[in-house]
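Take a look at the letters that make up each chain.
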Amino acid sequence: MAAPTIFDACLPRDDVREGRISDADLAADLAAVIRGKAVLDYSDPARFFANTYPTRGLKNLLDAVCRRLSGAGGEAAAVLRLDTSFGGGKTHGLIALVHAARGMKGVVRPEEFIDPALLPAGPVRIAAFDGENADPANGRSMGGGVRAHTPWGEIAYALAGKDGFERVRASDEQAVAPGADTLKELFGNQPTLILLDEPAIYLRKVRGLPHGGRDQLAAFLTSLIKAVESSPNVSLVFSLAVGKDGRASDAYAEENDFLASRMAEIESVAARKATLLNPTEDDETPLVLRRRLFAQIDPHKAAEAVAAYRALWKQHAAALPSSAADGDIAEQFERSYPLHPALLDTLTHKTATLGTFHRVRGMLRLLVRTVAQLWQDRPADATAIHLHHVDPANPAIYQEIVTRLQQPELVPAIRADVAGEKGQLALAQQIDKAQYAGLPPYTAYVARTILMHTLAFNSDLRGVNADEMRLAMLGPALDGAFIDDARTRFRDQSAYLDDRPNAPLRFLYEPNLTQLVRREERNVDREELRATLQDEIRRIFGGTTLELVPFPAGPWDVPDDVGSGAPRLALINHEADAVAPGQEGVPERVQEIFERKGNAGSLRMLRNNLVFLVADQSRIEQMVEKMKRRIALQQMTRSERIRELPEHHQAKLREWQERSRHELAVAIAQCYRNLYYPARNRAAGASVDLAHSVIELGTASDRPGAGQQQVLTALRDLNKLRGVEDAPESPAYVRDRTPLKRGQISTADLRNEFRKDPALSILLGDDAFIKLVRTGVERGDYIYRRGELVYGQGDPGAQIMIDEQSFVLTRAFAEQSGLWPRKPAGEPSPGPGALPPPSGTPSGGGTPAPYTPHTPTGQPPVADGQPRLQAEGPLKEALGVLFDKARGSGCKQLAALTVQCFDAGDLFRLLPAANGISGASKRVTVNVELEMAEGGLLVIEFAGPLTEAQLVREFLQPQLTAAKDKNPRMLKVELRFNDGLDLSGDAPERLRDQLTRVGNGAAFVSAEAERA
């Protein structure tokens, strides 16, 4: 069962979902609340407490202060100190005290936070000092023309107005703390609440002033505590941003540590101790966030989601941090859902160390924008809110990071690697587009996770390792393998990741080695780039199996002779011609070279001796970039400048330089992948006998430095190329396709036919041709003759020569000429001059000798009274001839059709197509002899329905690959039509197209028919 998404389980508050929360709505300003000028979320008690979670610390704080103010009795501390980091709920707690001191008017359920009986019944004097708003140098305007420079000046005015300020004016102007009795006068024997917020920020402001601001603040706190403790209905609450260990860890750590040490001295000397409270403990932070972000969370669906994550963490425990296996993280998730534990951990222990983040408030600033974006986009993988959902592509989140958190130095890294702008894709977005189309944006998620882990004050906190990243990203809809793959791709290509050995994944302010290489790439000379790339392409596609003709400008650059005897590979310059995706036809330059030769433009004769390789237009840029990178790396490693780099950069450069050779070879192989080769089944839109095949990327990458090998492999797979190790073309097909069908031809001329006729295979060397002739002799199709030597079926092997004095004869012609069967000893056999003319016309004129058609082994004789329906050749052509014969003989229907292949590969390609024919029964016959590598003989015979023949195919294919020699005696598919194949319409042509969709090898076809 799929885990529910956050959209199924959670309902955000309206202002969160609709993105209506402004900066002011999240800025807790104590002074503004007291003056009644804060936004409604803070100034209206009902709204304030509706959005507030009743933490243990907040309830204890309200209870202690209200007992003191109302005189309700019990143990009520006079002085309370709130210890927590910035944004840990201190200001929020102080605002809650202001509303409680004023009676919590309009709050629906005050008992959720405090016993209503403890709320003060009468007026309470409230004075607050906020270190953020203090202005010790210029004085803060208090009203009535009064400007206060110190905390005691501000508090005096707040408690007793202008008269109160006049009482401490001298102390304020001289920045000297007043005494306890002076401060006590300001209380006026009335319930009084004094709040000191962010005093550490005030200390930072007075550090450069001439008076002793630090010591005077400590003296003021001593006097104030004494005055408060001696007044029964007065309460003092002040805050320090320190952790549980009593030490600060944020941007104001020095000031907070100073205040903490001074407070310890005060408590020790005066035997007075402030009660310590933490408004929001770490385990309550998720509850605070959930209360403000979500109006409703379905507990049952939340439990389902947590269970799905628990199962994932258990399944992948070996690849995750040890904390994922101890069960605590699942318990944390139960409390924090839909907020992922890794999200909260990073914000709490890393981001919160930035002085401008302010912990819970800072989390809310990021999360309200993240939740609004999620509910707008609704990604299908959002089964929880993860770190990677904090997207800097969102302008509000981007500004939060860059401006609010004061991280402008990260702008280059964000724009280059994480989230681009103005239509420009960052690296992560580019990788996702190329590698993970249709999937979640894994690389963008990786980049965002790294960015969030980079946001920390201390260097040792910045960054994330691979295990931590898996934990942060893994979810029911995200695959761990893709996470690792995306992380590796991003790490290898990022311009701003820390690339030092063993460094965690984190962004740097300055570009890394990757960026330095890119700068060098921009300086590569264009002419050097072009010349070097052409040399590399020549090297990769060079070789001896095919004769390379690199970058021909026209027919005059491609010879039309036998030359070295090897077929020619014409490599078309990618700057001259390239094939666009979906392009049909043949490139103009390729067609011109295929048809013509020389400057005069005469017709090319040896067209079957030439193949073309043309670049893929969509991959040229990548190939050029890989060449540019290789040149840049070579220049950097050879330059003296490499010594100026750190050792780990020098090692990385040399590693990249070595790897770039392979990467360039792969890019070239994958670019030059459009193969045009001679064939009768022309490419779509072609007007010449050229077919088109795209070399698969996997094949092109297997041996990237051996470009000829990928061409040879592709031609072999297309059944277009044959070497001595391959099964030869069907001798009967060659006989009927070439002038040999007239009776005889010299071996030299027959060999040349393979260089001319696109319907024949391209032969790699003369040995492949000799193997064909020998196979034809051994099967009884050919007779070989050279002078007095006659070599036929059953004779011991003879040497076969390729010249004008050696001939191949059809068996029928040899029998007609009396050359075969061989005469008994003593009978004269005709000499070379006694053979009839090759045209088949008897010496002296008269009727030509009838041509005897070849009937393959196992072909039944034609019954009397039935038309002879058979043809041989490439399957598509043979079927066309057969159907024409049937129609011409007056047949109305075909009862059955038999296709006999000469190559097992052709049969295997035919089987799926035949299986798709409806309205017919199908039967397959296979009889193959295989000579194995060590001399063993394997005979395979099968006759049965086509469905069972698939099993034979699975068994036979690997045996064919391993066999040293193959003798396919019978490879036949028979279709028997239930209601006959109607010849009056286009049904035969549709059948032909279906049977030849994936192959068009040589075949003998025959049919049973009824005469009209």
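Residues numbered from 1 in each chain as written. Predicted model: local features only at pLDDT ≥ 70, side-chain atom pairs only at ≥ 80, totals over all residues. Heavy atoms only, no water.

A. Structural context of the overall build of the protein. For the protein, the helix and strand inventory stands at 39 helices and 29 strands. For 1012 residues, the compact-globule formula gives about 31 Å, and the C-alpha radius of gyration of the protein, at 45 Å, lies well above that figure. Reported as C-alpha extents along the three principal axes, the dimensions of the protein are approximately 150 × 70 × 50 Å. Residues classed as buried in the protein amount to 53% of the 1012 residues present. Here the contacts in the protein between residues at least 6 apart in sequence split such that 71% fall between residues at least 24 apart. Surface accessibility of the protein: about 43,700 Å² in total, with carbon and sulfur atoms responsible for 47%. On the protein, the mean spot of the 122 positive side-chain charges and the mean spot of the 133 negative ones are 1 Å from each other. (Helix = DSSP H or I, 4+ residues; strand = E, 2+ residues; numbered from the N terminus. Rg over C-alpha atoms; globule rule 2.2 N^0.38 Å. Buried < 20%, exposed > 50% of the residue type's maximum accessible area, 1.4 Å probe, protein only. Contact = heavy atoms within 4.5 Å. Areas by Shrake-Rupley, 256 points an atom, 1.4 Å probe, with all protein chains shown as cover. Lys, Arg positive; Asp, Glu negative; His and termini not counted. Charge placed at Lys NZ, Arg CZ, Asp CG, Glu CD.)

B. Layout of the sheet that holds strand E8 (residues 275-277). If you trace the 5 strands from one edge of the open sheet to the other, you get E3-E6-E7-E2-E8, paired in parallel fashion. Only two strands of the sheet have a single partner each, and these edge strands are strand E3 (125-130) and E8. On average, each strand axis in the sheet is inclined to that of its neighbour by 15 degrees, with strand direction left out of account. By the bridge criterion, 3 bridges tie strand E2 (residues 79-83) to E8 in an arrangement that is parallel. The residue bridging Arg 81 from the neighbouring strand is Leu 276, located in E8. On top of the sheet, helix H8 (residues 90-101) reaches E2, E3, strand E6 (192-197) and strand E7 (234-240); it is set at about 165 degrees to E6, its chief contact. (Pairing = 2+ DSSP bridges. Axes fitted to C-alpha atoms, helices over the stretch in contact; angles between N-to-C directions.)

C. Local environment of the confidence of the model for the protein. Per-residue confidence for the protein averages 86 on the pLDDT scale, and 91% of its residues sit at or above 70. With pLDDT under 50 throughout, residues 836-865 is counted as low confidence; its partners more than four residues away or in other chains account for 45 contacts. (pLDDT = per-residue confidence, 0-100.)

D. Region of interest: the packing of aromatic side chains. Under the definition given, this model contains 17 aromatic pairs. Ring centres of Phe 48 and Phe 49 lie 5.1 Å apart, and the angle between their planes is 90 degrees; this geometry places the pair in the edge-to-face category. Neither Phe 48 nor Phe 49 differs from the other in exposure class; each is buried. A centroid spacing of 5.2 Å and a plane angle of 35 degrees characterise the contact between Tyr 442 and Phe 482, whose relative ring orientation is tilted. Of this pair, Tyr 442 sits in helix H22 (residues 442-454) while Phe 482 sits in helix H24 (residues 480-493); the two residues are 40 residues apart in sequence, bridging distant segments of the chain. The cationic tip of Arg 415 hangs over the ring face of Tyr 398; the distance from NZ or CZ to the ring centre is 4.0 Å. (Phe/Tyr/Trp six-rings, centres within 6.5 Å; stacked < 30°, edge-to-face > 60°. Lys NZ or Arg CZ within 6 Å of the ring centre and 35° of its normal.)

E. Molecular detail of the environment of Thr 275. Locating Thr 275 in the fold gives a position in strand E8. The contacts of Thr 275, once residues within four sequence positions are left out, are Ala 77, Val 79, Leu 80 and Arg 81.

F. Representation of the sheet that holds strand E19 (residues 744-746). Reading across from one edge, E19-E23-E21-E22 is the order of the 4 strands in this open sheet, with antiparallel pairing throughout. Of all strands in the sheet, those with a lone pairing partner are E19 and strand E22 (789-791), marking the two edges. Neighbour to neighbour, the strand axes of the sheet diverge by 20 degrees on average, direction disregarded. In the sheet, strand E21 (residues 782-786) pairs with strand E23 (residues 806-810) via 5 bridges, with the strands oriented antiparallel. Within E23, the residue paired with Arg 786 across the bridge is Ser 806. Strands E19, E21 and E23 of the sheet are contacted by helix H33 (residues 747-756), whose axis makes an angle of about 85 degrees with E19. The sheet strands contacting helix H34 (residues 766-778) are E21, E22 and E23, and the helix crosses E21 at an angle near 120 degrees.

G. Spatial organisation of the pattern of salt bridges. Following the criterion strictly, the structure yields 58 salt bridges and no others. A salt bridge links Arg 56 to Glu 284; its shortest N-O distance comes to 3.5 Å. Of this pair, Arg 56 sits in helix H7 (residues 56-70) while Glu 284 sits in the loop between E8 and helix H14 (285-293), and the two are 228 residues apart along the sequence. The exposure class assigned to Glu 284 is buried, which follows from its relative accessible area of 3%. (Salt bridge = Lys/Arg side-chain N within 4 Å of Asp/Glu carboxyl O.)

H. Representation of the packing of helix H19 (residues 395-404) against helix H20 (residues 411-418) in the model. Running from N to C, H19 and H20 point in directions that differ by 150 degrees, and their axes come no closer than 11 Å. Put simply, H19 runs roughly antiparallel to H20. Two secondary-structure elements touch here, H19 through Tyr 398, Ile 401 and Val 402 and H20 through Val 411, Ile 414 and Arg 415. (Parallel < 35°, antiparallel > 145°, perpendicular 65-115°, else oblique.)

I. View of the layout of surface pockets. By volume, the largest pocket amounts to about 1,600 Å³. Around the largest pocket sit 30 residues that line it, and Leu 427, Gln 430, Gln 493, Gln 622 and Lys 626 are the ones nearest its centre. Contributing elements (two or more residues each) for the lining of the largest pocket: helix H21 (427-435), H24, helix H25 (513-522), helix H28 (620-638) and helix H29 (647-671). With 7 residues, the single largest contributor to the lining of the largest pocket is H29. Grouping the constituent residues of the lining of the largest pocket by class yields 8 nonpolar, 9 polar and 13 charged. (1 Å grid on protein atoms, 1.4 Å probe; cavity = no way out; pocket = protein on both sides within 12 Å on 5 of 7 lines; lining within 4 Å. Points joined across faces, edges and corners; volume = space filled by probe spheres on them. Nonpolar A, V, L, I, M, F, W, Y, C, P; charged D, E, K, R; others polar.)

J. Just empty space enclosed by the protein, in detail. Per the stated rule, a full pass over the model turns up 5 cavities of 30 Å³ or more. The volume enclosed by the second largest cavity comes to roughly 70 Å³. Considering the residues around the second largest cavity, the lining is formed by Leu 875, Cys 901, Asp 906, Arg 909, Leu 910, Leu 995, Val 998, Gly 999, Asn 1000 and Gly 1001. Looking at which element gives the most residues to the lining of the second largest cavity, the answer is helix H37 (residues 904-915), with 3 residues.

K. Just H28, in detail. For H28, spanning 19 residues, the distance from its first C-alpha to its last is 27 Å, which sits close to the expected 27 Å at 1.5 Å a residue. Buried within H28 are the following residues: Ile 620, Met 623, Met 627, Lys 628, Arg 629, Arg 630, Ile 631, Ala 632, Leu 633, Gln 634 and Met 636. Looking at the packing, one finds that the buried side of H28 touches H25, helix H26 (526-541), strand E12 (578-579), strand E15 (610-616), H29 and strand E16 (672-678). (Expected span 1.5 Å × (residues − 1).)

L. Here's a closer look at the nonpolar core. Counting 81 residues, the largest nonpolar core has Leu 289, Leu 293, Trp 313, Tyr 337, Ile 450, Phe 490 and Phe 507 as the members making the most contacts within it. A total of 9 residues in this core trace back to one element, the largest contributor, which is helix H18 (residues 359-377). Beyond its immediate sequence surroundings of up to four residues, Tyr 337 is in contact with Pro 4, Thr 5, Ile 6, Ala 9, Cys 10, Arg 290, Ile 297, Ala 302, Ala 305, Val 306 and Thr 383. Among the nonpolar cores identified, the runner-up in size contains 46 residues, and Leu 894, Ile 940, Ala 963 and Val 973 belong to it. (Core = buried A, V, L, I, M, F, W, Y, C linked by side-chain atoms within 4.5 Å.)

M. Up close: unusual backbone geometry. Following Tyr 337, the chain continues into Pro 338 via a peptide bond in cis, with omega recorded as 10 degrees. Tracing the sequence through the fold places Pro 338 in the loop between helix H16 (328-336) and helix H17 (341-349). For the bond from Trp 820 to Pro 821, the omega torsion is 0 degrees, close enough to zero to count as cis. Its place among the elements puts Pro 821 in the loop between helix H35 (811-816) and strand E24 (870-874). Unlike most non-glycine residues, Arg 378 shows phi in positive territory, near 50 degrees. On the secondary structure map, Arg 378 appears in the loop between H18 and H19.

N. Main features of the environment of Asp 766. Positionally, Asp 766 belongs in helix H34. On the basis of relative accessibility, which here comes to 37%, the residue Asp 766 falls in the partly exposed class. Each residue touching Asp 766, except ones within four places of it in the same chain, is listed here: Arg 751, Arg 755 and Ile 802.

O. Representation of the environment of Gln 515. By the element assignment, Gln 515 lies in helix H25. A sequence separation of 378 residues divides Gln 515 from Gln 893, and the C-alpha atoms of the two residues are 73 Å apart. The residues contacting Gln 515, other than those within four sequence positions of it, are Ala 495 and Tyr 496.

P. Local environment of the side chain of Asn 51. Along the polypeptide, Asn 51 turns up in the loop between helix H6 (45-50) and H7. The contacts of Asn 51, once residues within four sequence positions are left out, are Arg 13, Asp 41, Arg 291 and Arg 292.

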